[in-house]
Amino acid sequence: MKIGCPKEIKNHEYRVGLTPNAVLAYVQDGHEVYIEKGAGLGSAISDEEYVSAGAKILPSAEEVWNIAEMLVKVKEPLESEYKLMKENQLVYTYFHFAANEPLLKACLERKIISLAYETVQEGHALPLLKPMSEVAGRMSALMGAFYSARTQGGRGLLPMGVTGVAPADVLILGGGIVGTNAAFSAAGLGARVTVLDINLNRLEYLGEILPPNMKGIYNDPLTLNQYLKTADIIIGAVLIPGAKTPKLVKKEQLKIMKPGAVLVDVAIDQGGCFETSIPTTHSDPTFVMENILHYCVANMPGAYARTSTFALNNATLSYGLQLAELGAEKACRASGAIKLGLNTYKGVITYKPVAEAFGMESKYTKPEDVIR
Ligand SMILES: NC(=O)c1ccc[n+]([C@@H]2O[C@H](COP(=O)([O-])OP(=O)(O)OC[C@H]3O[C@@H](n4cnc5c(N)ncnc54)[C@H](O)[C@@H]3O)[C@@H](O)[C@H]2O)c1
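What comes next concerns the included structure. Computed from a predicted structure; not experimentally measured.

Together, Leu 158, Met 160, Val 162 and Val 165 give the surface a local cluster of nonpolar side chains, amounting to about 360 Å² of exposed area. Here Leu 158 lies in the loop between α6 (130–147) and β7 (169–173).

Have a look at this one:
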């Protein structure tokens, strides 16, 4: 199969769909790989590395989209890319259709096959979301530490303390993938860490793995209030699958917190778990409300693009190789995980929640009915 990887064009997106290792794996399986010139530079990967792995470099995105039977990307196609999508072309990337009706309509009109990273599912796990949650979780503790500096608007607190001076208290709301990675990252910096969650099984698991300077506590409104008063850094990492993130911390509760405390709302991509959170960008990441510094960047992993690119490829490659080897239809028949990633197929919607999000049930067809 002819595999194409264009440069990402979303604002401040430095990740890339394929690493040289991934290129080598596709080439060894007998496929041809075409990379747009400079596509890897944001992740510190040169064209020469791709060529050494067996890829051919093409000068423009148009040429990559034109030659490829399967596109491997990171972000959803943007409006300027819609016209480049071709009938029957397989596009393997994050789509997040439920938040983007124009994209859905474009993919249906262009009759592409959309294989969405975010809905590939193994049991209850979402293996192609997990690596980015790991990056965002670990990064959130670093951002909390950085913005705690007085010069950045924080309380002027060094998270690990020094001899004779106590470390910072870090409070993490939600002990899932993001929260657990944030907890280990904050504890690694020497902070005292508390994770609040409502899932007793998760708390039991955290109790087994957390080191002595970290603890897992059941979240209820009184407990939350108590910890809000003492926290120096608060990381929002709550998720209720399929629902809007609950606003766990209301605007009036900011008044009981220490002035200059830092809120890092990782869950902002689903609405955020602080009432006062507003999405921000890497170019303007913070704002202050009620004396509390807010960091609410919706695409945190983009900042650590090289790590994120490699982590993403480690997760996407095995499914990508199956798609390239078998084609979308056979791969979906062979793998339930891949079938759940099929969101649109040649003009119909094949993932029910996406159809329901826009009242487009008439455009929905069961994936089993199209991959025969
Ligand atoms: N901003 C970014 O760049 C970025 C990157 C990756 C992930 N995220 C987002 O981070 C969020 C967390 O992702 P995840 O992978 O850790 O999800 P997850 O499902 O692994 O974890 C969510 C946790 O929240 C807990 N929870 C639910 N309700 C709660 C409540 N009322 N109080 C306390 N805990 C509660 C759940 O029990 C679960 O353990 C998601 O919204 C995800 O989209 C954002």
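Our next topic: the state of the cysteines. Evaluated as defined, the whole model comprises zero disulfides. Considering cysteine sulfurs only, Cys 332 is the nearest to Cys 107, which forms no disulfide, with 15 Å between them.

Before going further, it helps to examine empty space enclosed by the protein. Remark: the empty space left among the atoms is shown by a probe the size of a water molecule rolled over them. The full count for this structure, using the stated rule, is one cavity of 30 Å³ or more. In this structure, the largest cavity spans a volume of roughly 30 Å³.

Scanning the model with the defined rule gives five aromatic pairs in all. Considering the side-chain rings of Phe 95 and Phe 97, the 4.7 Å spacing of their centres and the 10 degrees angle between planes classify their relative orientation as stacked. Measuring from centroid to centroid gives 5.8 Å for Tyr 147 and Tyr 295, while their planes differ by 40 degrees, and the two rings are tilted. Residue Tyr 147 is located in helix α6, and its partner Tyr 295 is located in strand β13 (residues 292–295); the two are separated by 148 residues in the primary sequence. The pair Tyr 147 / Tyr 295 is uniform in exposure class, with both members buried. Three or more aromatic residues link up through ring pairs in this structure, and these residues are Tyr 92, Tyr 94 and Tyr 117.

Let's shift gears to the sheet that holds strand β9 (residues 214–218). Backbone hydrogen bonds hold the strands of a sheet together, and the pairing may be parallel or antiparallel. Taken in spatial order, the seven strands line up as β9-β8-β7-β10-β11-β13-β12 in an open sheet, and their pairing is mixed. For this open sheet the edge positions go to β9 and β12 (286–289), each flanked by a neighbour on one side alone. Pairwise comparison of adjacent strand axes, ignoring direction, gives a mean angle of 20 degrees for this sheet. Where β7 and strand β8 (residues 192–197) come together, five bridges link them in parallel fashion. Looking at β8, one finds that Leu 171 is bridged to Thr 194. The strands touched by helix α9 (residues 221–230) are β7, β8, β9 and β10 (233–236); relative to β7, the strand with the most contacts, the crossing angle is about 145 degrees.

This part takes up the pattern of salt bridges. The full count for this structure, using the stated rule, is ten salt bridges. Residue Glu 8 is joined to Lys 73 by a salt bridge in which the shortest nitrogen-to-oxygen separation is 3.1 Å. Taken together, the residues Glu 8 in the loop between β1 (2–5) and α1 (20–28) and Lys 73 in the loop between β4 (70–72) and α4 (79–82) connect sequence positions 65 residues apart. Residue Glu 8 shares its accessibility class with Lys 73, and that shared class is buried. We note a salt bridge from Lys 339 to Glu 368, for which the minimum N-O separation is 2.9 Å. Here Lys 339 is found in helix α11 (residues 336–341), whereas its partner Glu 368 is found in helix α13 (residues 367–370), with 29 residues between them in sequence.

Here we take up the packing of α6 against helix α7 (residues 177–188). Where α6 meets α7, the closest approach of the two axes is 7 Å, and the angle between their N-to-C directions is 35 degrees. Considering how the two elements wind past one another, α6 and α7 form a crossing that is right-handed. Residue-level contacts link Lys 130, Ser 133, Glu 134, Gly 137, Arg 138, Ser 140 and Ala 141 of α6 to Ile 177, Val 178, Asn 181, Ala 182, Ser 185 and Ala 186 of α7. Across the contact of α6 with α7, the residue classes tally to five nonpolar, five polar and three charged.

Attention now goes to the site of the ligand. Around the ligand sit 27 residues, and of these Val 178, Asp 197, Asn 219, Asp 269 and Met 300 come closest. In this structure, Val 178 approaches the ligand through a main-chain N or O atom, which is 2.7 Å from an oxygen atom. A distance of 3.0 Å separates a nitrogen atom of the ligand from a polar backbone atom of Val 266. Considering the ligand on its own, with 870 Å² of exposed area, one finds that the protein chains cover 86% of that surface. Among the secondary structure elements, those contributing two or more residues to the shell around the ligand are α6, α7 and β8. Among the elements that make up the shell around the ligand, the one with the highest residue count is α6 (three residues).

To continue, consider unusual backbone geometry. A positive phi angle, close to 45 degrees, is found at His 96, a residue other than glycine. Structurally, the position occupied by His 96 is in the loop between β5 (90–93) and α5 (101–109). We note that Lys 111 has phi near 60 degrees; this positive angle belongs to a residue other than glycine. Tracing the chain through its elements places Lys 111 in the loop between α5 and β6 (113–116).

We now examine the environment of Lys 10. When you line up the elements, Lys 10 lands in the loop between β1 and α1. When its relative accessible area of 33% is taken as the criterion, Lys 10 is described as partly exposed. For the pair Lys 10 and Leu 78, spaced 68 residues apart in sequence, the C-alpha to C-alpha distance is 7.4 Å. Sequence-distant contacts of Lys 10, that is, excluding residues within four places in its chain, are made with Lys 75, Glu 76 and Leu 78.

Thresholds, definitions, all that
Residues numbered from 1 in each chain as written. Predicted model: local features only at pLDDT ≥ 70, side-chain atom pairs only at ≥ 80, totals over all residues. Heavy atoms only, no water. Patch = residues over 30% accessible without salt bridge, like charges linked within 9 Å, V, L, I, M, F, W, Y side chains within 5 Å. Areas by Shrake-Rupley, 256 points an atom, 1.4 Å probe, with all protein chains shown as cover. Salt bridge = Lys/Arg side-chain N within 4 Å of Asp/Glu carboxyl O. Helix = DSSP H or I, 4+ residues; strand = E, 2+ residues; numbered from the N terminus. Disulfide = S-S within 2.5 Å. 1 Å grid on protein atoms, 1.4 Å probe; cavity = no way out; pocket = protein on both sides within 12 Å on 5 of 7 lines; lining within 4 Å. Points joined across faces, edges and corners; volume = space filled by probe spheres on them. Phe/Tyr/Trp six-rings, centres within 6.5 Å; stacked < 30°, edge-to-face > 60°. Buried < 20%, exposed > 50% of the residue type's maximum accessible area, 1.4 Å probe, protein only. Pairing = 2+ DSSP bridges. Axes fitted to C-alpha atoms, helices over the stretch in contact; angles between N-to-C directions. Contact = heavy atoms within 4.5 Å. Left-handed = near helix turned anticlockwise from the far one by under 90°. Nonpolar A, V, L, I, M, F, W, Y, C, P; charged D, E, K, R; others polar. Near = heavy atom within 4 Å. Polar contact = N/O pair within 3.5 Å; in protein donor to acceptor, adjacent residues only side chain to side chain.

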